[in-house]
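# Examining the three-dimensional arrangement
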Amino acid sequence: LKQITQYFGCFVKGYKLWIIMELLDGGSCLDMLVAGPIREKYIAVLFKELLIALDYLHSNGKIHRDIKAANILLNSQGDVKIADFGVSTQLSNNLSRRNTFVGSPYWMSPEVILEEEYNFKADIWSLGITALELATGKPPLSNIPPMKALFKIPENDPPILEGQEFSQDFKQFVALCLQKSPQNRPSAKRLMKTKFIQNAGKTSIVGDLIKRRQVWDVQYG
């Protein structure tokens, strides 16, 4: 699937394992945020591609478990790919849920933090947090230490996207992802049918984000 970073092989050199993967010369979405928050029209395009990847993974019984801007890679051709499967997990037919505690704190779903059994809907929560991260420049609660955030996430109401610069379709998309109860969160397939994603532009505009970062580097880097 073209929305997933391609793996070519690996080898051991000394004590180190080297993994060979395709080069994505644009960097990550976290790199793009250095130049400031990302506009909604770009987020729609990024998420259209992300949802194709997530639907593929979930349909094949896999959970990524660490969706965030740093793990979304881009290239100058406009490709958007999920990377870093360091904490992903396989769900076998007789084990449709997991209860291991992994992921990055600010993006972690309430059920993962509470060490309850969870399924692929944990990725949908992280996707909603990533939308807020891209739109505002950082994930919710990032002003407090990660361990404190772990207590707050299950306790607090779900974060919401605020601001007149964002459309109702975008706000609704984020709200669908950030349902406290996993049963109330839609699947990746269902999210593809939302207005926010249906109205997304062409992937070629991703190149604008890379250029914006390059201009920022020249001016401030």
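Residues numbered from 1 in each chain as written. Predicted model: local features only at pLDDT ≥ 70, side-chain atom pairs only at ≥ 80, totals over all residues. Heavy atoms only, no water.

### Notes on the overall build of the chain
Note the cut-off: Counting from the N terminus, the helices are the DSSP runs of H or I reaching at least four residues and the strands are the DSSP runs of E reaching at least two. In this setup the radius of gyration rests on C-alpha atoms only. A globule is expected at 2.2 Å times the number of residues raised to 0.38. Exposure classes here rest on a 1.4 Å probe applied to the protein chains alone. A residue is buried below 20% of its type maximum, exposed above 50%, and partly exposed in between. Contact between two residues is taken to exist if any of their heavy atoms lie within 4.5 Å; hydrogens are not considered. Neither His nor the chain termini are counted; the positive set is Lys and Arg, and the negative set is Asp and Glu. Charged side chains are reduced to one point each, which is NZ for Lys, CZ for Arg, CG for Asp and CD for Glu.
Within the chain one finds nine helices and seven strands. At 17 Å, the chain has a C-alpha radius of gyration in line with the 17 Å of a compact globule built from 221 residues. On the principal axes, the C-alpha backbone points of the chain span a range of 55 × 50 × 35 Å. Residues classed as buried in the chain amount to 46% of the 221 residues present. Once local pairs closer than 6 in sequence are excluded, the contacts in the chain between residues at least 24 apart make up 68%. Of the charged side chains in the chain, 27 are positive and 22 negative; the average position of the first set lies 3 Å away from that of the second.

### Thoughts on unusual backbone geometry
Its identity as a non-glycine residue notwithstanding, Arg65 has a phi of 75°, on the positive side. Take Arg65: it is sitting in the loop between strand S4 (62-63) and strand S5 (72-74). Assessed through its relative accessible area of 13%, Arg65 is described here as buried. Notably, Leu141 is not glycine yet its phi reads approximately 70°, a positive angle. With respect to the helices, strands and loops of the structure, Leu141 is situated in the loop between helix H4 (121-136) and helix H5 (146-155).

### Focus: the confidence of the model for the chain
What counts, and what does not: Note on scores: pLDDT gives the predictor's confidence for each residue, bounded by 0 and 100.
Averaged over every residue, the pLDDT of the chain is 90; residues scoring 70 or more account for 91%. This model gives residues 87-96 a pLDDT under 50, and the stretch forms 23 contacts once residues within four places in sequence are excluded.

### Details of the packing of H4 against helix H6 (residues 168-177)
Here is the rule we go by: Inter-axis angles, ranging from 0 to 180 degrees, are taken between N-to-C directions of lines fitted to C-alpha atoms, where helices are fitted over the stretch in contact. Should the near helix be turned anticlockwise from the far one by less than a right angle, the crossing is left-handed, and should it be turned clockwise, the crossing is right-handed. Three classes are used: nonpolar for Ala, Val, Leu, Ile, Met, Phe, Trp, Tyr, Cys and Pro, charged for Asp, Glu, Lys and Arg, and polar for all others, with Gly counted as polar.
Two elements in contact, H4 and H6, have axes separated by 7 Å at closest approach and are oriented at 145°. The element H4 and its partner H6 pack so that their crossing is left-handed. In contact with Ile124, Trp125, Leu127, Gly128, Ala131, Leu132 and Ala135 of H4, H6 contributes Phe170, Phe173, Val174 and Cys177. Split into classes, the residues belonging to the contact of H4 with H6 amount to ten nonpolar, one polar and no charged.

### Remarks on the packing of helix H2 (residues 40-59) against helix H9 (residues 206-220)
What counts here: Roughly parallel means an angle under 35 degrees; roughly antiparallel, over 145; roughly perpendicular, 65 to 115; everything else is oblique.
Two elements in contact, H2 and H9, have axes separated by 9 Å at closest approach and are oriented at 120°. The orientation of H2 relative to H9 falls into the category oblique. The hand of the H2/H9 crossing is left-handed. In this structure, H2 uses Tyr42, Val45 and Leu46 to contact H9, whose residues at the interface are Val206, Asp208 and Leu209. Class assignment for the residues of the contact of H2 with H9 results in five nonpolar, no polar and one charged.

### Some words on the nonpolar core
What counts, and what does not: The definition of a nonpolar core used throughout is a set of buried Ala, Val, Leu, Ile, Met, Phe, Trp, Tyr and Cys residues joined through side-chain atoms within 4.5 Å.
Ranked by internal contacts, the top residues of the largest apolar core, which has 57 residues, are Leu46, Phe47, Leu127, Leu134, Phe170 and Phe173. For this core, the element with the most residues is H2, which contributes eleven residues.

### A look at the packing of aromatic side chains
Keep this limit in mind: Between the rings of Phe, Tyr and Trp (Trp by its six-membered ring), a pair exists once the centres lie within 6.5 Å; its type follows the angle of the planes, with under 30 degrees stacked, over 60 edge-to-face, and the other angles tilted. We count a charge as sitting over a ring when the NZ of a lysine or the CZ of an arginine lies within 6 Å of the ring centre and within 35 degrees of the ring normal.
Within this structure, the stated rule accounts for seven aromatic pairs. The interplanar angle of 0° and the centroid separation of 6.2 Å between the aromatic rings of Phe11 and Trp18 together place this pair among those described as stacked. Between the aromatic rings of Phe173 and Phe196, the centroid separation amounts to 5.1 Å while the plane-to-plane angle is 45°, which identifies the pairing as tilted. Taken together, the positions of Phe173 in helix H6 and Phe196 in helix H8 (residues 195-198) put the pair 23 residues apart, joining distant regions of the chain. The residues Phe173 and Phe196 share a single accessibility class, namely buried. Among the aromatic residues, those joined into a ring-pair cluster are Phe47, Phe166, Phe170, Phe173 and Phe196. Residue placement shows Lys68 over the ring face of Trp107; its charged tip is 5.3 Å from the ring centre.

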